[in-house]
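Understanding the architecture of this molecule
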Amino acid sequence: MIKVVGIRFQKAGKIYYFDPCGFDLETGMHAIVETARGVEFGTVLIPPKEVEDDKVIQPLKPVLRIATDEDEKNIEQNREKEKEAFTICKEKIIKHGLDMKLVNAEYTFDNNKLLFYFTADGRIDFRELVKDLAAVFRTRIELRQIGVRDETKILGGIGICGRPLCCKTYLADFVPVSIKMAKEQNLSLNPTKISGVCGRLMCCLKNEQDTYEYLNSRLPGVGDTVFTKDGRKGEVQNVNVLRQLVKVVIDNGEEKELHEYKVDELNFRSKKRKDVKITEEELKELQGLEDEGAESEAPRKEERPSREERSNKEEHSSREERPHREEEQNTENGGKHQHHKKRYDGKGKRHFGKNKKRNNNSTEK
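Only a predicted model underlies this, so the values are computations on that prediction, with no experimental measurement involved.

**Structural notes on the packing of aromatic side chains**
According to the stated counting rule, one finds 5 aromatic pairs in the structure shown. Look at F9 and Y16: their rings are 6.0 Å apart centre to centre, the planes differ by 50°, and that puts the pair in the tilted class. As far as the burial class goes, F9 and Y16 line up, both buried. For the ring pair F118 and F126, a centre distance of 6.0 Å and an interplane angle of 75° mean the geometry is edge-to-face.

Quick look at the structure:
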């Protein structure tokens, strides 16, 4: 067993485990912790407790101290600086003519790094933009491309139900939502009816899926033969899933009558649950609404709560572009580092000097 404390950095964000280091931490308190991104300010959501060793990735990053009033002031100052950084970055994007939409700017607590979140249809060559931003802010710059669901989570809004968006208020992770869920819930497959503010299928479809699966399993299918308690035989014409009512057509020999029964008043042979089928026309019309989920905030791999949680951060530097990342780092630091002479053989491999080779699969630092 190992003692941990759960800390969250953003509203409705993920909870990460840290080593409490003997501090008396309670729910709602603010703490300064060491993360993969540097020193950061977070809120305690889970007070110190013991968990099994395999539930966390060790070694855990430590809690440095309990936040003070001065730390609270620094956070407020950072929020003001982020607004200014957002405006400057937006102007730079227009200047460079980049096809990208800036969503948010975020300073780390120690001002060691400035992150810009943006959306774009494809890959963006933002190397020149990084150089300009580094020259203005004199700190490490990171541009991170996010999906439309993450954009909506950051910006917030009001859903079709009239309430604030679930992803902004309480959803820590995005879960995959499929068209089959809407089909099984007997919803109209109209994109404007089943898609959220982000343009993807509404997250609440997943919330209600388990209930609909259970209720549907108790009902007969349309066209099935059922028997009433008084022994009459009929054919199912329609079912009401939520009310658990079944409309049955009964042939009494002279005419057919339509009666409505509660599902408990009918006897029928339960069949194996059928898979919901989607036609090609429906798939074509709803193409692009499904989304497999994305990260909801910047990943901190050292302090993830479990091994199953994996970062979905999209990398912007391919193997061919990685040499340029080293140039960006040197630009941020004032260009004082001396570069090795690089040559390329046209296959993505780099040669340093005359006889030295560097493995293309190695990790650059």
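**Points about unusual backbone geometry**
In this model, Q58 is joined to P59 through a cis peptide bond whose omega is 0°. Note that P59 resides in the loop between β4 (38-51) and β5 (63-66). The backbone of N111 shows a phi angle near 60°, a positive value even though the residue is not glycine. Relative to the helices and strands, N111 is located in the loop between β6 (101-107) and β7 (113-119). Residue classification places N111 among the partly exposed positions, given a relative accessible area of 27%.

**Describing the sheet that holds β7**
Spatially, the 3 strands line up as an open sheet ordered β6-β7-β8, and their pairing is mixed. Looking at strand neighbours, the two that pair on one side only are β6 and β8 (140-145), the edges of this open sheet. Neighbouring strand axes in the sheet, compared pairwise and without regard to direction, differ in orientation by 20° on average. The sheet contact formed by β7 and β8 spans 6 bridges and is parallel. In the strand pairing of β8, F118 is matched with Q145. Helix α1 (residues 69-96) contacts β6 and β7 of the sheet and is inclined by roughly 145° relative to β6. Against the sheet, helix α3 (residues 148-155) contacts β6 and β7, and its axis sits at roughly 55° relative to β6.

**Some words on the sheet that holds β5**
Taken in spatial order, the 5 strands make up an open sheet running β2-β1-β4-β3-β5, and their pairing is antiparallel. On the outer flanks of this sheet lie β2 (15-18) and β5, each paired with one strand and no other. Across the sheet, the mean angle from the axis of one strand to that of its neighbour is 45°, orientation sign disregarded. Strand direction decides the pairing type here: strand β1 (residues 2-8) and β4, joined by 6 bridges, are antiparallel. Its bridge partner being in β4, G6 is matched across the sheet by I46. The sheet strands contacting α1 are β3 (30-35), β4 and β5, and the helix crosses β4 at an angle near 125°.

**Notes on the pairing of β3**
In the sheet, β3 pairs with β4 via 6 bridges, with the strands oriented antiparallel. Opposite T35, over in β4, you have G38 as the bridge partner. The turn linking β3 back onto β4 is made up of 2 residues. Summarising the sheet, β3 and β5 pair through 3 bridges and their orientation is antiparallel.

**Some thoughts on the environment of D224**
You can see D224 is positioned in the loop between α7 (204-217) and β9 (225-228). Between the alpha carbons of D224 and E235 there is a distance of 5.7 Å; along the sequence they are 11 residues apart. Side-chain polar atoms of D224 contact the backbone nitrogen of G221, separated by 2.8 Å.

Rules used throughout
- Here the residue index of a chain counts from 1 through its sequence in written order.
- Whole-chain, interface and lining totals are the exception, using all residues; otherwise, since this is a predicted model, local features are given only for residues with pLDDT of at least 70 and side-chain atom pairs are given and counted only at 80 or more.
- Water and hydrogen atoms were dropped before computing side-chain values, which therefore reflect all heavy atoms in the structure.
- Two aromatic rings from Phe, Tyr or Trp, using only the six-membered ring of Trp, form a pair when their centres are within 6.5 Å; if the ring planes differ by under 30 degrees the pair is stacked, by over 60 it is edge-to-face, and anything between is tilted.
- Summary of the burial criterion: residues with accessible area below 20% of their type's maximum are buried, those above 50% are exposed, and those between are partly exposed, where the area comes from a 1.4 Å probe applied to protein chains only.
- What counts as a helix is a DSSP run of H or I of at least four residues, what counts as a strand is a run of E of at least two, and both are numbered from the N terminus.
- When DSSP locates at least two bridges between a pair of strands, those strands are taken to pair.
- Note on method: axes are straight lines fitted to C-alpha atoms, helices fitted across the in-contact stretch only, with angles between N-to-C directions ranging 0 to 180 degrees.
- Only heavy atoms enter the contact rule, under which two residues are in contact if any of them lie within 4.5 Å.
- Identification of polar contacts relies on pairs of N or O atoms within 3.5 Å, with a donor-acceptor requirement for protein atoms, meaning one able to donate a hydrogen and the other able to accept it, and with residues adjacent in sequence counted only if both atoms are side-chain atoms.

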